[in-house]
Each structure stands twice: as C-alpha cells, then as structure tokens.
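Tertiary structure, described
Residues per chain, in single letters:
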Amino acid sequence: MLADLKPKVVSILDQSEKTVDERLASVCDLLRNSIPYYDWVGFYFRNGDKEELKLGPYAGEPTDHTIIPFGKGICGQVAVSNQNFVVPDVAAQDNYIACSITVKAEIVVPLFLNGENIGQIDIDSNTPDPFSEEDERFLEFVNEKVSQIL
Ligand code: SME
C-alpha cells in the first residue's frame, strides 16, 4: 500500500541535520525501492527565473534531460498546466521526451509552494499503464510534505 510509505516519507523529510537535496534523494530512493513499478523517480524544479526546469535529486539511471524548457515533454507541459499528467502509454504522446527506451508510462505531479508551481515529481515506469488515482493522491502528499521543508 502506498499509504504505508507516508510515515517513512515524513520521517525522511524531518531529518533536519541533512540537506534538502539529501532528503529529497532519500525520498526518491525510498519510492523507487519500495514500489515495483516506479523505475525512475526524480524532482525537477524551476531554474531560477528561467522558463525551464532543472533536474534535482533523483533515483534511477542518469538522464541527459537535466534541463527541460517549459512546454516541452510531459514535464514541461506540467510546468505550465499546473495539473497532474498521467501517461499510461508514452508511445501515444507526441510531446514526449524519451529518457530510456524501456519506459512505458509516466506520471508527473506539480509541486506548489505558496500556491506557485515551482517544480514537480516525475516517475517513469517500465510497466504499461501502472498508475491509478492512488498514485496521484500519494505523490500529491509527498509534494506537499516536500514543500514544507523548502
Ligand atoms: N519523459 C519526460 C522527460 C524526463 S525523463 O522522464 C527523466 C518528459 O517527457 O518530460
């Protein structure tokens, strides 16, 4: 159950002796290691005042896409839509940036600080159509808790 991970997420984010990036990296590791269909887990944040996202802490294979312009790919679309984006089949998306040929599905949930969309959590899955509303609610919870330490 995803809900079982909530207390673990909270306790990682509470580790104030660690940097924010260390704590976010630990959350990525927790999610990737605990949820079988989460194959790549990462945070992107707005890059200063630029109309682009910059990769933050992540777990999984390194990606070339460390900078993503607003509007480009699933991530860039979420930067401007402020909405969750659940992609059951990445092959069916025109505006998609492939990070790995093994990826079948993706979910991106925006992260708000004081009502402003400042970043997002991005999950890639090698399993087709694995995400449900439970993932959306869980990732919204994670982002809300993250926003409290930013
Ligand atoms: N697939 C994303 C790019 C980021 S990678 O998944 C890590 C997109 O289309 O925006």
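Report on the accompanying structure. (Residues numbered from 1 in each chain as written. Predicted model: local features only at pLDDT ≥ 70, side-chain atom pairs only at ≥ 80, totals over all residues. Heavy atoms only, no water.)

**Remarks on the nonpolar core**
Counting 28 residues, the largest nonpolar core has L31, Y38, F43, I121, F138 and L139 as the members making the most contacts within it. Broken down by element, the residue count for this core peaks at 5 residues, all from helix α2 (residues 20–34). Counting 16 residues, the second-largest nonpolar core is a separate cluster that includes C75, V78, V87 and V108. (Core = buried A, V, L, I, M, F, W, Y, C linked by side-chain atoms within 4.5 Å. Buried < 20%, exposed > 50% of the residue type's maximum accessible area, 1.4 Å probe, protein only. Helix = DSSP H or I, 4+ residues; strand = E, 2+ residues; numbered from the N terminus.)

**Examining the pairing of strand β5 (residues 105–113)**
Burial of β5 is extensive: 7 of the 9 residues sit out of reach of the surface. Across 9 bridges, the pairing between β5 and strand β6 (residues 116–125) is antiparallel. Each residue of the ladder has a partner; that of V108, found in β6, is D122. The loop that links β5 with its antiparallel partner β6 comprises 2 residues; one of these, N114, has a positive phi angle of about 50°. (Pairing = 2+ DSSP bridges.)

**Re the site of the ligand**
Around the ligand sit W40, Y44, I68, G73, I74, C75, Y96, I97, C99, E106, D122 and D124, and those are all the residues in its vicinity. A distance of 2.9 Å separates an oxygen atom of the ligand from a polar backbone atom of I74. A distance of 2.8 Å is found between an oxygen atom of the ligand and a side-chain nitrogen or oxygen belonging to D124. A total of 310 Å² of accessible area belongs to the ligand in isolation, and the protein chains cover 100% of it. Here the ligand occupies the largest cavity. Here the element with the most residues in the shell around the ligand is helix α3 (residues 73–81); it accounts for 3 residues. Partitioning the shell around the ligand into residue classes produces 8 nonpolar, 1 polar and 3 charged. (Near = heavy atom within 4 Å. Polar contact = N/O pair within 3.5 Å; in protein donor to acceptor, adjacent residues only side chain to side chain. Areas by Shrake-Rupley, 256 points an atom, 1.4 Å probe, with all protein chains shown as cover. 1 Å grid on protein atoms, 1.4 Å probe; cavity = no way out; pocket = protein on both sides within 12 Å on 5 of 7 lines; lining within 4 Å. Sits in = over half its atoms within 2 Å of the grid points. Nonpolar A, V, L, I, M, F, W, Y, C, P; charged D, E, K, R; others polar.)

**Remarks on the side chain of E52**
Within the secondary structure layout, E52 lies in strand β2 (residues 52–59). Despite its burial, E52 remains without a salt bridge, the nearest opposite charge being carried by K50 at 4.2 Å. For E52, the side chain forms a polar contact with the side chain of N47, separated by 2.6 Å. Ignoring sequence-local partners within four residues, the contact set of E52 consists of F45, R46, N47, I67, I68, P69 and F70. (Lys, Arg positive; Asp, Glu negative; His and termini not counted. Salt bridge = Lys/Arg side-chain N within 4 Å of Asp/Glu carboxyl O. Contact = heavy atoms within 4.5 Å.)

**A word on helix α4 (residues 133–147)**
The first and last C-alpha atoms of α4 sit 21 Å apart over 15 residues, in line with the 21 Å expected at 1.5 Å per residue. The set of residues buried in α4 consists of D135, E136, F138, L139, F141, V142, N143, V146 and S147. Where α4 is buried, its residues contact α1 (6–13), α2, β1 (40–46), β4 (85–87), β5 and β6. Two or three places before E134, at the opening of α4, S132 has a side-chain oxygen 3.1 Å from that residue's backbone nitrogen. (Expected span 1.5 Å × (residues − 1).)

**Focus on the environment of E140**
Turning to its location among the elements, E140 is positioned in helix α4. Sequence spacing of E140 and L111 is 29 residues, and the spatial spacing of their C-alpha atoms is 7.7 Å. Polar side-chain contacts of E140 include one of 2.8 Å to the side chain of N84.

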